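Listed below are the residues making up each chain.
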Amino acid sequence: MVMKEQELVALVVDDEPDMCWALEQILQGEGFGVHKAYTAEAALDTLKNASHQLVFLDIKLPDIDGLEVARQIKATYPSLPIITISGYYYSDDPAIQKGLEEKVFVGFISKPFEINEIRNLIHRVIPKIIHPE
């Protein structure tokens, strides 16, 4: 089944409203509808109440560690791609490498990021969303 673009919905989870807004603008430009959550708890509730095809997840959240949230999301929604974002971790951090190796998340972006980094990662993940293996 091929999804139409307007059926693509992403969840952006970040405790910084400006970061949510920036990611929302990029995602909308790529044809996604966007839901936003500022805490891990709100993110988990949002996932229960609507279908999503992609999650952008900040690792440093006020209530639950983002890496733990990623594991919870993956346990409940195993095919949902998660892209983690952080200003505290770097791509070579052991916790990030482990999450990528275990396929808990499909990508990692460090803050500050370039818009093209986000777009390139979305385009790498989208074919897998539209045509799952």
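Bear in mind that the values here come from a model prediction, so they are computed numbers and not experimental data.

Engineer: When you look at the confidence of the model for the protein in this model, what are you seeing that I'm missing?
Structural biologist: Note: predicted coordinates in regions of low pLDDT should not be interpreted at a detailed level. Taken over all residues, the pLDDT of the protein has a mean of 91, while the share at 70 or more is 91%. Here residues 1–6 is modelled with pLDDT under 50, and outside its nearest four sequence neighbours on either side it reaches ten contacts, counting other chains as well.

Engineer: What should I look at first to understand helix α4 (residues 94–101) in this one?
Structural biologist: At 3.6 residues per turn, the α-helix brings residues three or four places apart onto the same side. By the N-cap criterion, in which a side-chain oxygen at the helix start approaches the backbone nitrogen of a residue two or three places on, α4 is capped by aspartate 93, the distance to alanine 95 being 2.9 Å. Of the residues flanking the end of α4, it is lysine 103, one or two places downstream, whose phi is positive at about 60°.

Engineer: Can you help me understand helix α1 (residues 17–29) in this one?
Structural biologist: The end-to-end C-alpha distance of α1 is 18 Å, a good match for the 18 Å that 13 residues give at a rise of 1.5 Å each. Within α1, the full set of buried residues consists of Met19, Cys20, Leu23, Glu24, Ile26 and Leu27. Seen along its axis, α1 keeps its buried residues to an arc of 165°; they face one direction. Residues of α1 that are exposed and point over 90 degrees away from its buried face: Asp18, Trp21 and Gly29. Two residues or fewer past α1, glycine 31 is found with a positive phi of approximately 95°.

Engineer: Help me understand the side chain of glutamate 24 in this model?
Structural biologist: Of note, glutamate 24 is situated in helix α1. The class for glutamate 24 is buried, based on a relative accessible area of 12%. Beyond its immediate stretch of four places on either side in the chain, glutamate 24 contacts Val34 and Lys36.

Engineer: Looking at this structure, how should I read the pattern of salt bridges?
Structural biologist: Side-chain pairing between opposite charges can occur once the charged atoms of the two side chains come close. Enumeration according to the criterion identifies eight salt bridges in this entry. Linking lysine 111 and aspartate 58 is a salt bridge whose minimum nitrogen-to-oxygen distance equals 3.5 Å. Residue lysine 111 is located in the loop between β5 (107–110) and α5 (115–130), and its partner aspartate 58 is located in strand β3 (residues 54–58); the two are separated by 53 residues in the primary sequence. For the residue pair lysine 111 and aspartate 58, the accessibility class agrees, reading buried in each case. Glutamate 102 is the partner of lysine 98 in a salt bridge, and the nearest nitrogen-oxygen pair spans 3.9 Å. By relative accessible area, lysine 98 is classed as partly exposed at 43%.

Engineer: Sorry, what's going on with the pairing of strand β1 (residues 9–13) here?
Structural biologist: Working note: regular strand, side chains alternate between the two faces of the sheet. Counting buried residues in β1 gives five out of five residues, a clear majority hidden from the surface. In this sheet, strand β2 (residues 33–37) lies alongside β1 in parallel orientation, the contact comprising five bridges. The residue bridging valine 13 from the neighbouring strand is alanine 37, located in β2. Read as a crossover between parallel neighbours, the route from β1 over α1 to β2 is right-handed. The pairing of β1 with β3 spans four bridges and is classified as parallel. Directly across from valine 13, in β3, lies its bridge partner leucine 57.

Cut-offs applied
Residues numbered from 1 in each chain as written. Predicted model: local features only at pLDDT ≥ 70, side-chain atom pairs only at ≥ 80, totals over all residues. Heavy atoms only, no water. pLDDT = per-residue confidence, 0-100. Contact = heavy atoms within 4.5 Å. Polar contact = N/O pair within 3.5 Å; in protein donor to acceptor, adjacent residues only side chain to side chain. Helix = DSSP H or I, 4+ residues; strand = E, 2+ residues; numbered from the N terminus. Expected span 1.5 Å × (residues − 1). Buried < 20%, exposed > 50% of the residue type's maximum accessible area, 1.4 Å probe, protein only. Arc of directions from axis to C-beta. Salt bridge = Lys/Arg side-chain N within 4 Å of Asp/Glu carboxyl O. Pairing = 2+ DSSP bridges. Right-handed = clockwise from strand over helix to strand, strands pointing away.

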